[in-house]
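# Fold and contact review
Single-letter residue listing:
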Amino acid sequence: MSTDPAFVSADTGKVIGAMMTSSPIEKPDISTPAMGAVVTFDGIVRNHDGGRGGVELLRYTAHPTAESEISRVAQEVIAAHQNTRLWCAHRTGDLRVGEAAFVVIAAAAHRGDAFAAAEECADRVKAEVPIWKEQRYADGFSNWVGLE
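The protein is annotated in an unreviewed UniProt entry as MoaE family protein from Corynebacterium simulans.

### Quick look at the packing of aromatic side chains
The full count for this structure, using the stated rule, is 2 aromatic pairs. Look at Phe 41 and Phe 102: their rings are 5.9 Å apart centre to centre, the planes differ by 70°, and that puts the pair in the edge-to-face class. Pair noted here: Phe 41 is in strand β2 (residues 37–44) and Phe 102 is in strand β8 (residues 100–108), with a separation of 61 residues, a long-range link. What makes Phe 102 buried here is its relative accessible area of 4%. Geometrically, the ring pair formed by Tyr 137 and Phe 141 is tilted, given 5.5 Å between the ring centres and 50° between the ring planes. Here Tyr 137 falls in the buried class, since its relative accessible area comes to 6%. Against the face of Tyr 137 rests Arg 52, its NZ or CZ located 4.2 Å from the ring centre.

Rules used throughout
- Residues numbered from 1 in each chain as written.
- Predicted model: local features only at pLDDT ≥ 70, side-chain atom pairs only at ≥ 80, totals over all residues.
- Heavy atoms only, no water.
- Phe/Tyr/Trp six-rings, centres within 6.5 Å; stacked < 30°, edge-to-face > 60°.
- Helix = DSSP H or I, 4+ residues; strand = E, 2+ residues; numbered from the N terminus.
- Buried < 20%, exposed > 50% of the residue type's maximum accessible area, 1.4 Å probe, protein only.
- Lys NZ or Arg CZ within 6 Å of the ring centre and 35° of its normal.

The structure is reproduced here in structure tokens:
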């Protein structure tokens, strides 16, 4: 049972946003004066995968249900982590090395709650939301991650 004052629970147990976007991700400030911890996961496009360098571009494609699925996942995560506020977004389209592909932000009065919610959201979106990733390499090779 939480020993936090009532105004903390008034600020938590909320999904602030959960979306798919083709635009660069702009991170909101989801904290309030009651929040002592904000955990941010930035999934950034890197230049290698599976020991192979030369990744130049990722193309993310999402099923038409991806928007409702990312929202469903966020709602289920917040139901399991009532002491947090949650926001997440996943990109679609072509992304270059260094761009943010997936961002999760969790805010809570205490770090343990924020870390747990952020981790569960990131893991579940990756596992449950129908998003596919094609990697393109400098030498012209391309592959679909997880479909080979």
